Amino acid sequence: MKIVAGLGAVDEYIRFAEAGADEFFCGYVPYEWSREYGTALALNRREVLNYQVQLGSFSELEILAKLVRAYGRPVHLAFNSLYYIPEQYPKIASIVKKCQSLGFETFIVADPALFLYLRREKIDCKIHLSGETGEVNREMLAFFRRFGLQRLIFHRKNTLEDMASVIRAGAGLEFEAFVLNELCQFTGAFCNSLHCDELGHLCRVPYELGRVRRKLLSGNNVNFDDEALTLDEEGYLCGATGCGLCALYALQRAGITHLKLVGRGNHADFMEKDIRNLRKALDILEGSSSEADFRKEMKRQLFPRGCSGNCYYAKSSWD
């Protein structure tokens, strides 16, 4: 399984590539788009200018294209809005063509109408169906395969059993699943929050969902099931905002080919540590003869004092 890491700025590319990322995804929102449509008619649903979440100039893409040629780690460009108004589709097609002129060939698309529009316009590019898309099932997959889908990205709420069922029906395709960060209470397709400078993200509003299993304490400690977990000197804890590392054995068995490591806008130091931890977990997986062996080595090498408990796919237990 390959690591696909979120990229918030060009400067992060070399650092994350050397940490072990195999591929990247990032957003590109030209200033002209932001000036004309603002945040309500977003291109990528990440219309943030005050900190590094996505690229905003063609010159940045030019630099990134040179880095891709030098390091050989591809970058996929995300257009994650759930829908667009009619006048926007030709403009997006123009943006895609400009990106292709630099060598970017893969685009992450959430709006099915945009997928079909690009194909109708005979734009020959690779398309990954975004995790922001709604329901995922075998019939949905069969429909999009007719139009040259390369990869399906599962959203956060898919169970391991659901993913395995869809993958069995999608021979020859690539499949990507979330593995670290952003354990959002929403499914992307049903999120009504605006990710922009003017408003706080709705998923960051304090909320309580069921039994609270993790409480932040004063200082640099996290209380997890009466066990104190010490954060590092920078306040980092692997998997603190969502983790699927303990499910890697099951994800591989289900047929997942790529692992999505969310990170656009995240602290670059934390992202580098996430990538290195994920790479270490994959090394452990490769050397494990069984799931029990894998979990035993994960506990010993990555989580000697327990984990955050913020699990994507199942309740984590290291007993």
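Not measured: the values here are computed from a predicted model.

So, the overall build of the chain
Argument step 1. Assigned secondary structure in the chain consists of 10 helices and 11 strands.
Argument step 2. A buried classification covers 55% of the 319 residues belonging to the chain.
Argument step 3. Summing over all exposed atoms, the chain offers an accessible surface of approximately 15,100 Å²; the carbon and sulfur share of this is 50%.

Things to note about the pattern of salt bridges
For side chains of opposite charge, pairing can occur when their charged atoms come near one another.
Argument step 1. Enumeration according to the criterion identifies 12 salt bridges in this entry.
Argument step 2. As a salt-bridge pair, Arg276 and Glu272 come within 3.1 Å of each other at their nearest N and O atoms. Here Glu272 and Arg276 lie together in helix H9 (residues 268-286), a separation of 4 residues that amounts to about one turn.

As for the pairing of strand S7 (residues 174-180)
Two faces belong to every sheet, and in a regular strand the side chains alternate between them.
Argument step 1. In terms of residue burial, S7 counts as a mostly covered element, since 6 of its 7 residues are buried.
Argument step 2. Handedness of the β-α-β unit built from strand S6 (residues 149-153), helix H7 (residues 160-168) and S7 comes out right-handed.
Argument step 3. Summarising the sheet, S7 and strand S11 (residues 258-261) pair through 4 bridges and their orientation is parallel. Bridging from a neighbouring strand, Phe178 pairs with Lys260 of S11.

Comments concerning the environment of Asp162
Argument step 1. The topology assignment puts Asp162 in helix H7.
Argument step 2. By relative accessible area, Asp162 is classed as partly exposed at 40%.
Argument step 3. Through-space distance from the C-alpha of Asp162 to that of Val136 is 8.6 Å; in sequence the pair is 26 residues apart.

So, the packing of helix H1 (residues 12-19) against H9
Argument step 1. With their axes 8 Å apart at the nearest point, H1 and H9 run at an angle of 25 degrees to one another. Of the possible angle classes, the one that applies to H1 and H9 is roughly parallel. The interaxial crossing formed by H1 with H9 has right-handed handedness. On H9, the residues that touch Glu12, Arg15, Phe16, Glu18 and Ala19 of H1 are Ala268, Asp269, Met271, Glu272, Ile275 and Arg276.
Argument step 2. In terms of residue class, the contact of H1 with H9 is made up of 5 nonpolar, no polar and 6 charged.

Quick word on the nonpolar core
Across soluble globular proteins, nonpolar side chains have a tendency to be buried as a group.
Argument step 1. Counting 89 residues, the largest nonpolar core has Leu245, Leu248 and Leu251 as the members making the most contacts within it.
Argument step 2. Val4, Phe25, Ala78 and Ile153 belong to the second largest nonpolar core, which has 5 residues in total.

Brief notes about the packing of aromatic side chains
Centre-to-centre distance and the angle between the planes together describe a pair of aromatic rings.
Argument step 1. What the rule picks out here adds up to 13 aromatic pairs.
Argument step 2. Ring geometry for Trp33 against Tyr84: centres 6.5 Å apart, planes inclined by 85 degrees, an arrangement best described as edge-to-face. Pair noted here: Trp33 is in helix H2 (residues 31-37) and Tyr84 is in the loop between strand S3 (75-79) and helix H4 (88-101), with a separation of 51 residues, a long-range link. Each member of the pair Trp33 and Tyr84 is classed as buried.
Argument step 3. With centroids separated by 5.3 Å and ring planes inclined at 15 degrees, the aromatic side chains of Phe115 and Phe144 adopt a geometry described as stacked. With Phe115 in helix H5 (residues 112-120) and Phe144 in helix H6 (residues 138-145), this pair connects stretches of sequence that are 29 residues apart. Of the two residues, Phe115 and Phe144, both sit in the buried class.
Argument step 4. Ring-pair connections join several aromatic residues into one group, and the members of that group are Trp33, Tyr37, Tyr84, Tyr89 and Tyr117.
Argument step 5. For Lys260, the ring lying beneath its charged end belongs to Phe25, and the centroid distance is 3.7 Å.

Regarding unusual backbone geometry
Argument step 1. In this structure, Lys122 is a non-glycine residue whose phi angle is positive, near 60 degrees.
Argument step 2. When you line up the elements, Lys122 lands in the loop between H5 and strand S5 (126-129).
Argument step 3. On the basis of relative accessibility, which here comes to 73%, the residue Lys122 falls in the exposed class.

What about the state of the cysteines?
Working definition: the covalent bond between the sulfur atoms of two cysteines is a disulfide.
Argument step 1. Tallied over the full model, the rule gives 0 disulfides.
Argument step 2. In this structure Cys26 is not part of a disulfide, and its nearest cysteine sulfur, from Cys99, lies 8.8 Å away.
Argument step 3. You can see Cys246 has no disulfide; the closest cysteine sulfur is in Cys311, sitting 4.6 Å from it.
Argument step 4. You can call Cys246 buried: its relative accessible area is 12%.

A closer look at the pairing of S5
Argument step 1. Looking at chain direction, strand S4 (residues 106-109) and S5 are connected through 4 bridges and run parallel. Following the sheet pairing, Thr106 is matched in S5 by Lys126.
Argument step 2. You can see the chain leave S4, run along H5 and come back into S5, and the turn it takes is right-handed.
Argument step 3. Where the polypeptide runs from S5 across H6 and back to S6, its parallel neighbour, the crossover connection is right-handed.

What counts as what
Residues numbered from 1 in each chain as written. Predicted model: local features only at pLDDT ≥ 70, side-chain atom pairs only at ≥ 80, totals over all residues. Heavy atoms only, no water. Helix = DSSP H or I, 4+ residues; strand = E, 2+ residues; numbered from the N terminus. Buried < 20%, exposed > 50% of the residue type's maximum accessible area, 1.4 Å probe, protein only. Areas by Shrake-Rupley, 256 points an atom, 1.4 Å probe, with all protein chains shown as cover. Salt bridge = Lys/Arg side-chain N within 4 Å of Asp/Glu carboxyl O. Right-handed = clockwise from strand over helix to strand, strands pointing away. Pairing = 2+ DSSP bridges. Axes fitted to C-alpha atoms, helices over the stretch in contact; angles between N-to-C directions. Parallel < 35°, antiparallel > 145°, perpendicular 65-115°, else oblique. Left-handed = near helix turned anticlockwise from the far one by under 90°. Contact = heavy atoms within 4.5 Å. Nonpolar A, V, L, I, M, F, W, Y, C, P; charged D, E, K, R; others polar. Core = buried A, V, L, I, M, F, W, Y, C linked by side-chain atoms within 4.5 Å. Phe/Tyr/Trp six-rings, centres within 6.5 Å; stacked < 30°, edge-to-face > 60°. Lys NZ or Arg CZ within 6 Å of the ring centre and 35° of its normal. Disulfide = S-S within 2.5 Å.

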